[in-house]
Amino acid sequence: MTSLDKPTTEDTSADDARAVTEAALFEAFGGVRGMVETVLPGLLFVSIYTVNKDLHMSAIAALAVSLVMVVVRLAMKDTVKHAFSGVFGVAFGVVFAMMTGNAKDFYLPGMLYTLGLALAYIVTAMAGVPLIGLMLGPVFKENLSWRTRNPGRKKAYTKASWAWGLILLGKSAILFPLYWWADTTQLGWVLIALKIPPFLLAVYLTWVFLAKAPPPIDVFAEMEAEERAEEERKAAAARENGETTTAGRHRRES
């Protein structure tokens, strides 16, 4: 292998940064399983409603499959935050639809949540405290150090938050007119079609921005290093005090 063929330290560091970013995004957003748990209840609802137009059966089936996914996660002792969020979303949708008798209202809480989340991403990016940074900071073990100590990462988080906000805002711009003009099945199938692609686009852009950003500052490692240094200082002080005491005793005895 020639010197030109050998990977440089910079290349290795960049590969490590990309790998860490991929793992963090996978953990934060639930990966493939999280996407399945997000899509399946709505898909089941619109499928059953398309066939028999039975609101109660469609709602109960969607809620039941959400609960089953939570039980499976609990049985496997896996994280349940994505499954639980799905249950709450479906439950709110069921309540809305049952209260109004309009099957389209099953989708309304999720649509309002998407719109609110889009605005939150945009507003926090404009305020200099991008939401995506608040979400991913603990995952990268950097907490809020990117705000004051790592301007490159703050810039990347700001870009990512703008990307999420604008993508979700575009999704809302498609869905809300359909809520008023389309029927339940049309709205449902469009919503299912828009579940994964915008999400994947936003995750991909986040990965691009963060992979090019400076590495995170591991504040947990810093705190552990400070604790070890403090323990070593105390131990050294104790040894010095012990030696001083011993020397004084020897002088008194002599």
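These numbers were taken from a predicted model, which means no experiment stands behind them.

Asks: Any details on the overall build of the protein chain? Residues and values, ideally.
Replies: For the protein chain, the helix and strand inventory stands at 11 helices and 0 strands. In the protein chain, the succession of α and β elements from N to C terminus is α-α-α-α-α-α-α-α-α-α-α. Residue burial in the protein chain is summarised as follows: out of 254 residues, 38% are buried. A total of about 14800 Å² of accessible surface is found on the protein chain, and carbon and sulfur atoms cover 66% of it.

Asks: Before we move on, can you summarise the packing of helix H2 (residues 31-52) against helix H9 (residues 184-193) with the specific residues and values?
Replies: Contact geometry for H2 and H9: axes closest at 9 Å, N-to-C directions at 155°. Accordingly, the angle class assigned to the pair H2 and H9 is roughly antiparallel. Handedness of the crossing formed by H2 with H9: left-handed. On H9, the residues touching Val39, Gly42, Leu43, Phe45, Val46, Ser47, Tyr49 and Thr50 of H2 are Thr184, Thr185, Gly188, Trp189 and Ile192. Across the contact of H2 with H9, the residue classes tally to 7 nonpolar, 6 polar and no charged.

Asks: Can you explain H2? Please cite residues and give values.
Replies: Given a rise of 1.5 Å per residue, 22 residues ought to cover 32 Å, and the 33 Å separating the end C-alpha atoms of H2 matches this to within 8%. Of all the bends in H2, the greatest, near 30°, is centred on Val39, and the proline Pro41 appears no more than four residues after it. In the stretch just after H2, Lys53 is the one whose phi turns positive, near 55°.

Asks: Give me the lowdown on the pattern of salt bridges, citing residues and values where you can.
Replies: Per the stated rule, a full pass over the model turns up 1 salt bridge. Glu142 is paired through a salt bridge with Arg153; the nearest N and O atoms lie 3.0 Å apart. Here the residue Glu142 occupies a position in the loop between helix H6 (131-136) and helix H7 (145-148), and Arg153 occupies one in helix H8 (residues 151-181), the gap between them amounting to 11 residues. Here Glu142 matches Arg153 in class, with each residue buried.

Asks: Any details on the side chain of Arg153? Residues and values, ideally.
Replies: Using a relative accessible area of 1% as the deciding quantity, one classes Arg153 as buried. Every residue in contact with Arg153, bar those within four places of it in the chain, is listed here: Phe140, Glu142, Trp146, Leu210, Ala213, Pro214, Pro215 and Pro216.

Asks: Any chance you could break down the packing of aromatic side chains for me, citing the residues and the numbers?
Replies: How two aromatic rings sit relative to each other is set out by the distance from centre to centre and by the angle between their planes. In total, this model carries 9 aromatic pairs according to the counting rule given. Here Phe45 and Tyr49 contribute two aromatic rings whose centre-to-centre distance is 6.2 Å and whose plane-to-plane angle is 5°, an arrangement assigned as stacked. Linking Phe45 with Tyr49, this pair stays in helix H2, spanning 4 residues, or about one helical turn. A relative accessible area of 0% means that Phe45 is categorised as buried. Relative to Tyr157, the ring of Trp146 lies with its centre 5.2 Å away and its plane at 65°, an arrangement referred to as edge-to-face. With Trp146 in helix H7 and Tyr157 in helix H8, the pair connects residues that are 11 residues apart, well separated along the chain.

Asks: Mind laying out the confidence of the model for the protein chain, listing which residues take part and the relevant values?
Replies: The share of residues in the protein chain with pLDDT of 70 or more is 81%, and the mean pLDDT across the chain is 83. When mean pLDDT is compared element by element in the protein chain, H8 scores highest at 96, while helix H1 (residues 9-29) scores lowest at 61. Low pLDDT, under 50, characterises residues 1-12; the predicted model gives this stretch 3 contacts beyond four residues in sequence or across chains.

Asks: Can you lay out H9 for me, pointing to particular residues and giving the numbers?
Replies: Taken together, the buried positions of H9 are Thr184, Thr185, Leu187, Gly188, Leu191 and Ile192. One face of H9 carries all of its buried residues, which in axial projection span an arc of 160°. Residues of H9 that are buried in the fold lie against H2, helix H5 (108-126) and H8.

Asks: Go over the nonpolar core, please, and point to the residues and values.
Replies: One finds Phe45, Leu55, Phe106, Tyr107, Met111, Leu175 and Leu187 to be the most contacted residues of the largest nonpolar core, which totals 22 residues. Per-element tally for this core: the top contributor is H2, with 4 residues. Excluding residues that lie within four positions of it along the chain, Phe45 makes contacts with Leu55, Ser58, Ala59, Ala62, Ala103, Phe106, Tyr107 and Thr184. Among the nonpolar cores identified, the runner-up in size contains 19 residues, and Phe29, Tyr157, Ile167 and Ala202 belong to it.

Each value, and the rule that gives it
- Residues numbered from 1 in each chain as written.
- Predicted model: local features only at pLDDT ≥ 70, side-chain atom pairs only at ≥ 80, totals over all residues.
- Heavy atoms only, no water.
- Helix = DSSP H or I, 4+ residues; strand = E, 2+ residues; numbered from the N terminus.
- Buried < 20%, exposed > 50% of the residue type's maximum accessible area, 1.4 Å probe, protein only.
- Areas by Shrake-Rupley, 256 points an atom, 1.4 Å probe, with all protein chains shown as cover.
- Axes fitted to C-alpha atoms, helices over the stretch in contact; angles between N-to-C directions.
- Parallel < 35°, antiparallel > 145°, perpendicular 65-115°, else oblique.
- Left-handed = near helix turned anticlockwise from the far one by under 90°.
- Contact = heavy atoms within 4.5 Å.
- Nonpolar A, V, L, I, M, F, W, Y, C, P; charged D, E, K, R; others polar.
- Expected span 1.5 Å × (residues − 1).
- Bend = angle between axes of the 7 residues up to and from the residue.
- Salt bridge = Lys/Arg side-chain N within 4 Å of Asp/Glu carboxyl O.
- Phe/Tyr/Trp six-rings, centres within 6.5 Å; stacked < 30°, edge-to-face > 60°.
- pLDDT = per-residue confidence, 0-100.
- Arc of directions from axis to C-beta.
- Core = buried A, V, L, I, M, F, W, Y, C linked by side-chain atoms within 4.5 Å.

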